[in-house]
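Listed below are the residues making up each chain.
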Amino acid sequence: MLPKTLLSLLPFVIPVLSQAGGQYVDPDNGIPFWGYTDPVHGMTLGYIFPPLDSTGDLANEFIGEIVAPRDAKWAGVSPGGQMLQNLLLVAWPNGNSIVRSARYATDYVQPVAMSGPVLTDLPSSKVNSTHWKWVFRCQNCVTWSTSTGTNSIPVGSFGVPAWVFSSAGVDDPADPQSTFQEHTDFGFFGLDYSQAHASADDYNRWVTGGAGGGTPTTITTTTTSATPTVSATPYDYIVVGAGPGGLVAADRLSEAGKKVLLERGGPSTAETGGTYGPPWAAGHNLTKFDVPGLFGEMLGAHRKSQSNNISPAESMFTDPNPFWWCKDVNSFAGCLVGGGTAINGGLYWLPPSSDFSPYVGFPTSWGNHAPYTAKLKARLPPTDHPSTDGKRYLEQVSDVVSRLLNAQGYQQATINDSPDSKDHVYGYSAYDFLDGKRAGPVATYFRSARARKNFTYKQYVYVQNVVRNGAQITGVKTNDTSIGPDGVIPLTSKGRVILSAGSFGTPRILFRSGIGPRDMITIAQNNAEAGPNVPPSNQWIDLPVGMNVQDNPSINLVFTHPSVDAYDNWAKVWDDPRPADAAQYLKDQSGAFAQASPRMNFWRAYGAQDGRTRWLQGTARPGGSATTNYPFNASQIMTITAYLSTGITSRGRIGIDAAMTARALENPWFTDPIDKQILIQGINDLLSAVEQVPGLTLVTPDNTTTITDYVNNYDPGSLNSNHWVGSCSIGNSSSNAVVDQNAKVFNTNNLFIIDASIVPGMPMGNPHGMLMSMAEQAVDKVLNLAGGP
């Protein structure tokens, strides 16, 4: 059978910023494990090691356990925190028994059996009507060798173990080496492994099946700080986050007075100090974030798994060194200068009037977006021919799709010339690239802000919470004690804080600041690190933070056509590009690498029985990830992704878990069945003209599957377009919104939000153009609001 992917997100681990794991005692065996319970799935993972000074074989083993609800058809742990070349332990119930195996993977494919580890089930392993538990001894499991070298668990220091959960069963439950589908959820937690050690007597009693035992040996480390006492500089404005909202706000605010911009990540493009670039561009001052063609595509990340031996793209989503991802967000979020605009495909649509209308939830005072969009366009003009020679490359996909759409009554247009025309229209993909390189707000707003003497930028600063006294914000607390006592940066007496940490990051900060639903604030209050900074309960502000979340549901349709150049599925662009294309780009930033993978976009409006109009958006690109039992020519493959955008009514929820990881508690896709109905209708309409385009063949789904079944059975995780909005929605009432019409958080005096989280409904197209126009308008309202500095 064809291999299936597993744990494709685990290589994104690097040490997280807070320790989340702790000690607990298993009542069945008395073992004091160190580990973590995931509050979403109720799954517990634990570890205990022999004494830290153990030698020989004893130093290379541990006892572990997985306790999972019966909903977990299989689960796994990676104590080293990564997938590739790392120990993976997977288990599942089979009747009244636990089936388990040790595995490892060399690529993003099905992990295979790992030789070396010896697994012994301990007596308290069991299966009952509600849960299953695997308690095990893992020998030869602390250090292991693979084809790339030696890896190990950091038993004497801090680590970030990973876990996975699947609600889909394995293919053969009786076979320890059974194949299985990709996990349906995953997570990480910080753990001080140096504490997770028992005495030799206790450890030996447990591994021989004895219950009970004494207190494990602990190592207490006392550290003294050499950091001198500092007095922090108060600021009139503190902007938290350097994504599109934060950069626009920072630029405009720097025209009005002193402020500080805080970014938890670091550089991206070469202009910002970034250095991470492909080998073939060495010496040319070009990074992964400068070269548009290095975006690749999300093939093998949150899209369908590869099959038929198609290599995955070397993309932002599959790079083995993805330092740019926020590590306390269980979704794709960029923690570096530019945020999402530094790592996305760069699709850039000027917003139509509907994006700011009451139809999607904006107050009426936001209706006149034109002056703000004009300011954005003047700073960052869109282009649908980003190569410096003015030519378009790899346009075979556009030619094929235009024939498909012409047969259905679509008209071709330059999309950004008429932003309000979004029905039966298509055009070349437009980008926010300049001079053949990724630009966005980094090369525009950030560039001009940094040139001002009153602008202060600090990177690698992690904001934990705002400091407040009731409704008054007095500063922000960070992890950087060099910039203020206990990491606190204060405000001036009339100062203001603007949160621009994104749809996941901003709610996390609010929860830790005592703002939001009680259940989320309580989780923060119970966290060892966050709890001491949560205000007393009589100061909690009850707002629907994390509610009303939306994201475009998206479905991939994969085709072949004889004219299409799949560009090796973008798999070689990092380390083995086509020589002529690489040389052309290095010469003058022209050619195939001057453009990201999308080549065409289209829209169509659909009415529905609930009286609402919903819009279908399509994005077409060369390359793809096909799932079919039929042969096809992989060099001719292309993909159309069908999204549902403005008008959708499905909503989800974003929250935090006990590790302070921001995650989707309720997925926002297809909670309203009408959304799914319209998307199925739109896909069927799109495919109705396939036979009118000679040579065009639909590969996925193939002719054994109906579109209805294909959509109904689509992996929910693969519906994610990563266009999250609404978690701190703007509105007129604190009963259903988090910020008012001036972007100020309800029931606070001086706390504002300017990022995607305040957008109350899905924009018409990929959102970052709309977000920058929104930021232009929001910061203008903040500056004109009375009472500020």
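Small disclaimer: the values here were computed from a predicted structure and weren't measured.

What follows covers the overall build of the protein. Across its full length, the protein holds 11 helices and 35 strands. Compactness check: the protein gives a C-alpha radius of gyration of 26 Å against a globular reference of 28 Å for 789 residues, within 12% of the reference. Seen through its C-alpha atoms, the protein measures out along the principal axes to roughly 75 × 70 × 60 Å. The proportion of buried residues among the 789 residues of the protein is 62%. Of the contacts made within the protein by residues no fewer than 6 positions apart, 71% connect residues no fewer than 24 positions apart. Accessible surface, the protein as shown: approximately 27,300 Å² in total, 48% of it carbon and sulfur. Each charge class in the protein was averaged separately, 52 positive and 64 negative side chains, and the resulting centres sit 6 Å apart.

Two side chains bearing opposite charge may form a pair once their charged atoms approach each other closely. As enumerated under the stated definition, the model contains 28 salt bridges in all. Between Glu776 and Lys375 there is a salt bridge whose closest N-O contact spans 3.6 Å. Taken together, the residues span a long stretch of sequence, with Glu776 in helix H11 (residues 768-784) and Lys375 in helix H3 (residues 370-379) at a distance of 401 residues. Across the salt bridge formed by Asp565 and Arg578, the nearest N and O atoms sit 2.8 Å from each other. Pair noted here: Asp565 is in the loop between strand S28 (554-560) and helix H8 (579-588) and Arg578 is in the loop between S28 and H8, with a separation of 13 residues, a long-range link.

This next bit is on the UniProt feature "domain: Glucose-methanol-choline oxidoreductase N-terminal" (unreviewed entry) in the protein. Mapped onto the present numbering, the UniProt feature "domain: Glucose-methanol-choline oxidoreductase N-terminal" (unreviewed entry) falls at residues 334-357 and 502-516. Between the C-alpha atoms that bound residues 502-516 the distance is 16 Å, and the span itself is 73% helix and 0% strand.

Moving on, we get to the sheet that holds strand S31 (residues 637-644). Here we have seven strands laid out as an open sheet, ordered S20-S21-S29-S30-S31-S28-S34, and mixed in their pairing. Strands at the two margins of the open sheet, each flanked by one partner only, are strand S20 (411-412) and strand S34 (697-700). Taken together, the two bridges between S20 and strand S21 (residues 425-428) define a ladder with parallel strand orientation. Looking at the pairing, Gln411 lines up with Val425 of S21.

This part takes up the environment of Val558. Within the secondary structure layout, Val558 lies in strand S28. Here Val558 falls in the buried class, since its relative accessible area comes to 1%. Put simply, Val558 and Pro622 are 64 residues apart on the chain and 9.8 Å apart in space, counted from C-alpha to C-alpha. In contact with Val558, other than residues within four places in its own chain, are Ser625, Ala626, Ile637, Met638, Thr639, Thr697, Leu698, Val699 and Thr700.

Running from amino to carboxyl end, H3 crosses H11 at an angle of 120°, the nearest separation of the two axes being 9 Å. For the crossing formed where H3 meets H11, the hand is right-handed. Contact residues: Tyr372, Thr373, Lys375 and Leu376 in H3; Gly769, Met772, Ser773, Glu776, Gln777 and Asp780 in H11. Here the contact of H3 with H11 is composed, by residue class, of three nonpolar, four polar and three charged.

What follows is about the environment of Gly159. Along the polypeptide, Gly159 turns up in strand S14 (residues 158-159). For Gly159, a relative accessible area of 5% gives the class buried. Discounting chain neighbours no more than four positions away, the residues touching Gly159 are Pro154, Phe189, Gly190, Leu191 and Tyr193.

Attention shifts here to the state of the cysteines. Here the structure, examined in full by the defined rule, presents two disulfides. Linked covalently through their sulfurs, Cys138 and Cys141 form a disulfide whose S-S length is 1.9 Å. Between Cys138 and Cys141, the S-S torsion sits near -70°, and that sign places the bridge as left-handed. One disulfide bridge connects Cys326 with Cys335, the sulfur atoms lying 2.0 Å from each other. On the sign convention where negative means left-handed, the S-S torsion of about 100° between Cys326 and Cys335 marks this disulfide as right-handed. The same class applies to Cys326 as to Cys335, namely buried. Sequence-ordered numbering of the disulfide-bonded cysteines in the protein gives the connectivity 1-2, 3-4. No disulfide involves Cys728; its sulfur sits 15 Å from that of Cys326, the nearest cysteine.

Looking now at unusual backbone geometry. One can expect most non-glycine residues to show negative phi and most peptide bonds to be in trans. Following Thr700, the chain continues to Pro701 via a peptide bond in cis, the omega torsion being 0°. Mapped onto the secondary structure, Pro701 falls in the loop between S34 and helix H10 (707-712). In this model, Leu394 sits at a positive phi of 55°, which is unusual for a non-glycine residue. Checked against the element boundaries, Leu394 lands in the loop between H3 and helix H4 (396-406). Among the residues examined, Leu394 registers a relative accessible area of 12% and is labelled buried.

Next up on the list: the side chain of Arg621. Mapped onto the secondary structure, Arg621 falls in strand S30 (residues 613-622). Only 2.9 Å separates the side chain of Arg621 from the side chain of Thr641, close enough to count as a polar contact.

Among all positions in H4, only Val397, Ser398, Val400, Val401, Ser402, Leu404 and Leu405 are buried. Of the surrounding secondary structure, the elements contacted by the buried residues of H4 are S21, strand S29 (600-607), S30, S31 and helix H9 (673-687).

What follows covers the environment of Leu679. Looking at where Leu679 falls in the secondary structure, it is placed in helix H9. On a C-alpha basis, the gap between Leu679 and Leu644 in space is 6.4 Å, while along the polypeptide they are 35 residues apart. Those residues in contact with Leu679 that sit more than four places away from it in its chain are Pro553, Ile555, Leu616, Ala642, Tyr643, Leu644 and Phe670.

Another aspect to go through is the pairing of strand S18 (residues 235-240). Of all six residues in S18, five are buried, a share of seventy percent or more. Strand direction decides the pairing type here: S18 and strand S27 (residues 488-499), joined by five bridges, are parallel. The residue bridging Val240 from the neighbouring strand is Leu499, located in S27. Two elements, S18 and strand S19 (residues 259-263), share four bridges in a ladder whose sense is parallel. Within the sheet, the bridge partner assigned to Ile238 lies in S19 and is Val260. For the crossover that starts at S18, traverses helix H2 (residues 244-253) and ends in the parallel S19, the hand is right-handed.

Reading guide: rules and limits
- Residues numbered from 1 in each chain as written.
- Predicted model: local features only at pLDDT ≥ 70, side-chain atom pairs only at ≥ 80, totals over all residues.
- Heavy atoms only, no water.
- Helix = DSSP H or I, 4+ residues; strand = E, 2+ residues; numbered from the N terminus.
- Rg over C-alpha atoms; globule rule 2.2 N^0.38 Å.
- Buried < 20%, exposed > 50% of the residue type's maximum accessible area, 1.4 Å probe, protein only.
- Contact = heavy atoms within 4.5 Å.
- Areas by Shrake-Rupley, 256 points an atom, 1.4 Å probe, with all protein chains shown as cover.
- Lys, Arg positive; Asp, Glu negative; His and termini not counted.
- Charge placed at Lys NZ, Arg CZ, Asp CG, Glu CD.
- Salt bridge = Lys/Arg side-chain N within 4 Å of Asp/Glu carboxyl O.
- UniProt positions renumbered as here; feature names shortened; annotations may be inferred.
- Pairing = 2+ DSSP bridges.
- Axes fitted to C-alpha atoms, helices over the stretch in contact; angles between N-to-C directions.
- Left-handed = near helix turned anticlockwise from the far one by under 90°.
- Nonpolar A, V, L, I, M, F, W, Y, C, P; charged D, E, K, R; others polar.
- Disulfide = S-S within 2.5 Å.
- Polar contact = N/O pair within 3.5 Å; in protein donor to acceptor, adjacent residues only side chain to side chain.
- Right-handed = clockwise from strand over helix to strand, strands pointing away.

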